[in-house]
Amino acid sequence: MARNKHPEETIQLILDVAFRLFMEKGYEHTSIQDIIDHLGGLSKGAIYHHFKSKEDILIAVTDRMTAESNQLLVKIRDRKDLNGKDKLKIIFKESMNRPVQDDIFTIAPNFHNNSKLLFGLLQDTVDNVAPNYILPIIQQGISDGSIETDYPEELAELIILVLNLWTNPMIFDYSGEEAYRRFTVFGQMLKAVGLDIIDEEMSERVRQLATIYQKNK
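Residues numbered from 1 in each chain as written. Predicted model: local features only at pLDDT ≥ 70, side-chain atom pairs only at ≥ 80, totals over all residues. Heavy atoms only, no water.

Some thoughts on the packing of helix α5 (residues 84-97) against helix α7 (residues 115-144)
Taken N-terminus to C-terminus, the directions of α5 and α7 make an angle of 155°; their axes are 7 Å apart at the nearest point. Relative to α7, the element α5 lies roughly antiparallel. When α5 is examined against α7, the residues G84, K87, L88, I91 and F92 are found in contact with a partner set consisting of Y133, I134, I137, Q140, G141 and D144. Grouping the constituent residues of the contact of α5 with α7 by class yields six nonpolar, three polar and two charged. (Axes fitted to C-alpha atoms, helices over the stretch in contact; angles between N-to-C directions. Helix = DSSP H or I, 4+ residues; strand = E, 2+ residues; numbered from the N terminus. Parallel < 35°, antiparallel > 145°, perpendicular 65-115°, else oblique. Contact = heavy atoms within 4.5 Å. Nonpolar A, V, L, I, M, F, W, Y, C, P; charged D, E, K, R; others polar.)

A short note on the side chain of Q101
Inspection of the secondary structure assignment puts Q101 in helix α6 (residues 100-107). Beyond its immediate stretch of four places on either side in the chain, Q101 contacts S95, M96, R205 and L209.

Observations regarding a negative patch on the surface
A cluster of acidic residues, D63, D124, D127, E153, E154 and E157, forms a negative patch on the protein surface. Here E153 is to be found in helix α8 (residues 152-166). According to the relative accessible area criterion, E153 is partly exposed, its value standing at 40%. (Patch = residues over 30% accessible without salt bridge, like charges linked within 9 Å, V, L, I, M, F, W, Y side chains within 5 Å. Areas by Shrake-Rupley, 256 points an atom, 1.4 Å probe, with all protein chains shown as cover. Salt bridge = Lys/Arg side-chain N within 4 Å of Asp/Glu carboxyl O. Lys, Arg positive; Asp, Glu negative; His and termini not counted. Charge placed at Lys NZ, Arg CZ, Asp CG, Glu CD. Buried < 20%, exposed > 50% of the residue type's maximum accessible area, 1.4 Å probe, protein only.)

Here we look at a nonpolar patch on the surface
A cluster of nonpolar side chains, namely W166, F172 and V185, defines an oily patch on the protein surface of about 280 Å² accessible area. Taking the relative accessible area as the measure of exposure, F172 reaches 43% and is therefore partly exposed.

Side note on the nonpolar core
In this structure, F22, I35, L39, I47, I57, V61 and F105 are the most contacted members of the largest nonpolar core, which totals 33 residues. Counting only elements with at least two residues in this core, the list comes to α1 (7-25), α2 (32-37), α3 (44-50), α4 (54-77), α6, α9 (169-172) and α11 (200-216). Ranked by the residues each element gives to this core, the list is headed by α1, at six residues. Setting aside chain neighbours within four positions, we find L39 in contact with L13, I14, V17 and I47. Grouped together as the second largest cluster of nonpolar side chains are 32 residues, L135, I137, F183 and L195 included. (Core = buried A, V, L, I, M, F, W, Y, C linked by side-chain atoms within 4.5 Å.)

Thoughts on the side chain of T167
The residue T167 is located in the loop between α8 and α9 in this model. Judged by its relative accessible area of 3%, T167 falls in the buried class.

Considering unusual backbone geometry
Its identity is not glycine, yet D173 carries a phi of approximately 60°, on the positive side. Residue D173 is classed as partly exposed on the basis of its relative accessible area, which comes to 33%.

What to know about the pattern of salt bridges
Scanning the entire structure with this criterion turns up 13 salt bridges. Note that R77 is salt-bridged to D78, the shortest N-O span being 2.9 Å. With a shortest N-O distance of 3.5 Å, E201 and K93 are connected by a salt bridge. Of this pair, E201 sits in helix α11 while K93 sits in helix α5, and the two are 108 residues apart along the sequence. Relative accessible area serves as the criterion here: at 46%, E201 is assigned to the partly exposed category. A network of salt bridges, in which partner residues are shared, links K89, K93, D199 and E201.

Some details on the packing of aromatic side chains
Centre-to-centre distance and the angle between the planes together describe a pair of aromatic rings. Considering all chains together, one arrives at four aromatic pairs under this definition. Ring geometry for F172 and Y174: centres 5.6 Å apart, planes at 20°, overall stacked. For Y174, a relative accessible area of 6% translates into the label buried. Residues F183 and F186 carry aromatic rings whose centres are separated by 5.6 Å and whose planes lie at 55° to one another, so their mutual orientation is tilted. Taken together, the positions of F183 and F186, both in helix α10 (residues 176-192) and three residues apart, correspond to about one turn of that helix. F183 gets classed as buried once you look at its relative accessible area, which sits at 0%. On the accessibility criterion, F186 (1% relative accessible area) is buried. Cluster of aromatic residues (ring-pair linked, three or more members): F92, F183 and F186. (Phe/Tyr/Trp six-rings, centres within 6.5 Å; stacked < 30°, edge-to-face > 60°.)

In structure tokens form, the structure reads like this:
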């Protein structure tokens, strides 16, 4: 039986195999047994020693996929040459256009069938993305006069919840056209509060990502 002496090597092997199978077969059509069968002799215990479930493997795979590109978003957030409104537009556009998004929508699960993953997305949106990425930009925008609001925390949560949930084709199983329309309405909503930051290119990108999801689900 093949064995990895170092736990980190075992973890990376599991994630490598899982990612490849998720890309080839889709998350929903990949079982724990499928992953085991491609681990070169490692046992089921090797998986469950590090991951409690297939959902935990997916979360780890996704975290590894986005780690590098998340640093780019941090750099945009911390730039000194942009006002808050322009920074918000750029961070949205770069987040949507990063190549890893195609892979994320390819391996995406059916959130309708998995309340654990859906709650995890909701929790990450409120507890991590809103306060650590969006709120600092809004606060800067208030200071430099490019964003007007008396409720920066609430606005940050509202923006990212609508973006990550209501416009997300992985949540509501939107077609490309449906996702495009909802993202366009999202842009109109933002414009109404003085944030004209959504353009046609972004809406078309959402249509493209929704099409990738529909093709591979």
